[in-house]
Amino acid sequence: MWQSYVNGLLVALGLIMAIGSQNAFVLAQSLRREHHLPVAALCVVCDALLVAAGVFGLATVLAQSPVLLAVARWGGAAFLIWYGACALRRACSTQSLDQADNLKVRSLRAVLLSALAVTLLNPHVYLDTVLLIGSLGAQQTEPGAYVAGAASASLLWFATLALGAAWLAPWLARPATWRLLDLLVAVMMFSVAYQLISAP
């Protein structure tokens, strides 16, 4: 049992620590301290559910359905381009991006819906979390322990990202920092979208 748990923990940590659109979103929310803990919790829950779905059968279904993968690919690319354009517009804005003064705070519902979109409309989530992590988990002697290990990795990572970035926020609360952050988010979103569109 513990071997399966550790396998899930290490495999998931190795994949989710790579900078991607979901991590960039959590980082941005955490630096703004705008509902960052609920966002991190939502990402953990989504990851756990997707890993469980992959381990217990969805990985096989997706691997055998080019139509589902194509829908996820193009829908995800469109969303990432839109979100990247929004971040780029903020980065080019002449307004101060200091949260305390001019940055409009969104409602919890709006932020969580954006987090869901970044998570569930990104095909890389399905390729990594469902197909790769799920396929490996299906081969474990204790698949339930493997899912628990992967969920623990997600909890550890997103809690660290959310709390660490929020702790650094007072030192990073300068307009130039926010512009750079939004620029990096835009580049990340456009990069992932390009990879999706250009994939064979």
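Because the structure is predicted, anything quoted here is derived from the model rather than measured.

A look at the overall build of the protein
The secondary structure content of the protein amounts to 8 helices and 0 strands. When the 200 residues of the protein are sorted by exposure, 43% land in the buried category. In the protein, 90% of the contacts between residues at least 6 apart in sequence involve partners at least 24 apart. Carbon and sulfur atoms make up 72% of the accessible area of the protein, which totals about 10200 Å².

Details of unusual backbone geometry
Even without being a glycine, Arg33 presents a positive backbone phi close to 55 degrees. Secondary-structure assignment places Arg33 in the loop between helix 2 (21-32) and helix 3 (36-63). Here Arg33 falls in the partly exposed class, since its relative accessible area comes to 44%. One non-glycine residue, His35, lies in positive phi territory at about 55 degrees. Within the secondary structure, His35 sits in the loop between helix 2 and helix 3.

As for the packing of helix 1 (residues 2-16) against helix 6 (residues 123-138)
The geometry of helix 1 relative to helix 6 is characterised by a closest axis approach of 10 Å and an angle of 155 degrees between their N-to-C directions. With respect to helix 6, the axis of helix 1 lies roughly antiparallel. Pair helix 1 / helix 6 crosses with right-handed handedness. Along the contact surface, helix 1 presents Val11, Ala12 and Leu15, while helix 6 presents Asp128, Leu132, Ile133 and Leu136. Tallied by class, residues from the contact of helix 1 with helix 6 come to 6 nonpolar, no polar and 1 charged.

Digging into the packing of aromatic side chains
Inspection of every chain in the model, using the stated rule, returns 1 aromatic pair. Pairing Trp2 with Tyr5 gives two aromatic rings, centres 5.6 Å apart and planes at 75 degrees, and the pair type is edge-to-face. You can see Trp2 and its partner Tyr5 sitting in helix 1, 3 residues apart, about one turn around the helix. By relative accessible area, Tyr5 is classed as partly exposed at 23%.

Description of the environment of Ser191
Residue placement: Ser191 occurs in helix 8 (residues 175-198). Residues Ser191 and Ala77, 114 residues apart in the sequence, show an inter-C-alpha distance of 9.8 Å.

Structural notes on helix 5 (residues 108-120)
For helix 5, with 13 residues, the first-to-last C-alpha span of 18 Å sits near the 18 Å given by 1.5 Å per residue. Along helix 5, the residues that are buried comprise Val111, Ser114, Ala115, Ala117, Val118 and Thr119.

Description of the UniProt feature "transmembrane region" (unreviewed entry) in the protein
In the numbering used here, UniProt assigns the feature "transmembrane region" (unreviewed entry) to residues 6-27, 39-61, 67-88, 108-126, 146-168 and 180-197. Each end of residues 146-168 is marked by a C-alpha atom, and these two atoms are 33 Å apart; helix forms 100% of the span and strand 0%.

Comments concerning a nonpolar patch on the surface
Together, Trp74, Ile81, Leu88, Leu180, Leu183, Leu184, Val187, Phe190 and Ile197 line one region of the surface with nonpolar side chains, adding up to about 780 Å² of accessible area. Going through the elements one at a time, helix 4 (66-92) and helix 8 are the ones with two or more residues in the nonpolar patch. Counting residues per element, the nonpolar patch draws most heavily on helix 8, at 6 residues. Take Trp74: it is sitting in helix 4.

Side note on the side chain of Asp47
Among the structural elements, Asp47 can be located in helix 3. Despite its burial, Asp47 pairs with no opposite charge; the closest candidate is Arg106, at 18 Å N-O. Within the structure, Asp47 has its side chain in polar contact with the side chain of Ser154 (distance 3.0 Å).

Focus on the side chain of Thr119
Within the secondary structure, Thr119 is located in helix 5. Polar side-chain contacts of Thr119 include one of 3.0 Å to the side chain of Gln22. With residues near it in sequence (within four places) discarded, Thr119 still touches Gln22, Cys43, Cys46 and Val125.

Rules used throughout
- Residues numbered from 1 in each chain as written.
- Predicted model: local features only at pLDDT ≥ 70, side-chain atom pairs only at ≥ 80, totals over all residues.
- Heavy atoms only, no water.
- Helix = DSSP H or I, 4+ residues; strand = E, 2+ residues; numbered from the N terminus.
- Buried < 20%, exposed > 50% of the residue type's maximum accessible area, 1.4 Å probe, protein only.
- Contact = heavy atoms within 4.5 Å.
- Areas by Shrake-Rupley, 256 points an atom, 1.4 Å probe, with all protein chains shown as cover.
- Axes fitted to C-alpha atoms, helices over the stretch in contact; angles between N-to-C directions.
- Parallel < 35°, antiparallel > 145°, perpendicular 65-115°, else oblique.
- Left-handed = near helix turned anticlockwise from the far one by under 90°.
- Nonpolar A, V, L, I, M, F, W, Y, C, P; charged D, E, K, R; others polar.
- Phe/Tyr/Trp six-rings, centres within 6.5 Å; stacked < 30°, edge-to-face > 60°.
- Expected span 1.5 Å × (residues − 1).
- UniProt positions renumbered as here; feature names shortened; annotations may be inferred.
- Patch = residues over 30% accessible without salt bridge, like charges linked within 9 Å, V, L, I, M, F, W, Y side chains within 5 Å.
- Salt bridge = Lys/Arg side-chain N within 4 Å of Asp/Glu carboxyl O.
- Lys, Arg positive; Asp, Glu negative; His and termini not counted.
- Polar contact = N/O pair within 3.5 Å; in protein donor to acceptor, adjacent residues only side chain to side chain.

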